[in-house]
Amino acid sequence: MSVIDIIFRVDQICKKFDKYDVDKHRNLNASGDDVFARFYASIEADIESAVHKSEMVLLETNRAAVVALNAEIRRTKARLIEEVVKLQKLANKKVTYLVRSDMI
């Protein structure tokens, strides 16, 4: 096999499995018609903001600010726990609508 054949074959494989590339489709799915993807993107953004706040807590020297940030993190965590149930229901609905060829 020549180098050109290998490159051509790799391109074909990449095109075949392009729909599974999460990083590439993250922003596209968040703005599409897919309710699950939009909801997942919002939850992921909330998680990232909570992680950022927890990192800020480590750097903060004011105890009152630390308490306030920890309270915000706890509220966010409680809200996210409730939203995970909704996300699981949407995931189950999404799985039931998949056709057999998508599962392979």
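Right above here is the structure, for reference.
Keep in mind that this is a model prediction, so the values were computed, not measured.

Conventions and cut-offs
Residues numbered from 1 in each chain as written. Predicted model: local features only at pLDDT ≥ 70, side-chain atom pairs only at ≥ 80, totals over all residues. Heavy atoms only, no water. Helix = DSSP H or I, 4+ residues; strand = E, 2+ residues; numbered from the N terminus. Buried < 20%, exposed > 50% of the residue type's maximum accessible area, 1.4 Å probe, protein only. Areas by Shrake-Rupley, 256 points an atom, 1.4 Å probe, with all protein chains shown as cover. Salt bridge = Lys/Arg side-chain N within 4 Å of Asp/Glu carboxyl O. Contact = heavy atoms within 4.5 Å. Polar contact = N/O pair within 3.5 Å; in protein donor to acceptor, adjacent residues only side chain to side chain.

Caption draft 1: The overall build of the chain, seen in detail. From N to C terminus, the chain includes five helices and zero strands. Listing every helix and strand of the chain by position from the N terminus yields α-α-α-α-α. A buried classification covers 14% of the 104 residues belonging to the chain. Entry remark: accessible area of the chain is about 8,800 Å², with carbon and sulfur atoms responsible for 61%.

Caption draft 2: Just the pattern of salt bridges, in detail. For the structure shown, the criterion picks out three salt bridges. K53 is paired through a salt bridge with E72; the nearest N and O atoms lie 2.8 Å apart. Residue K53 is found in helix 3 (residues 35–59), and its partner E72 is found in helix 4 (residues 63–96); the two are separated by 19 residues along the sequence. Notably, a salt bridge pairs E83 with R79, separated by 3.5 Å at the nearest N-O pair.

Caption draft 3: Broad picture of the side chain of E83. Here E83 lies in helix 4. The class for E83 is buried, based on a relative accessible area of 14%. Ignoring anything within four residues of it in the chain, the contact list for E83 reads F39, I43 and D46.

Caption draft 4: A look at the side chain of T76. Mapped onto the elements, T76 comes out in helix 4. One polar contact links the side chain of T76 to the main-chain carbonyl oxygen of E72, over a distance of 2.9 Å. The contacts of T76, once residues within four sequence positions are left out, are D46 and A50.

Spatial relationships are all this shows, so hold off on functional conclusions.
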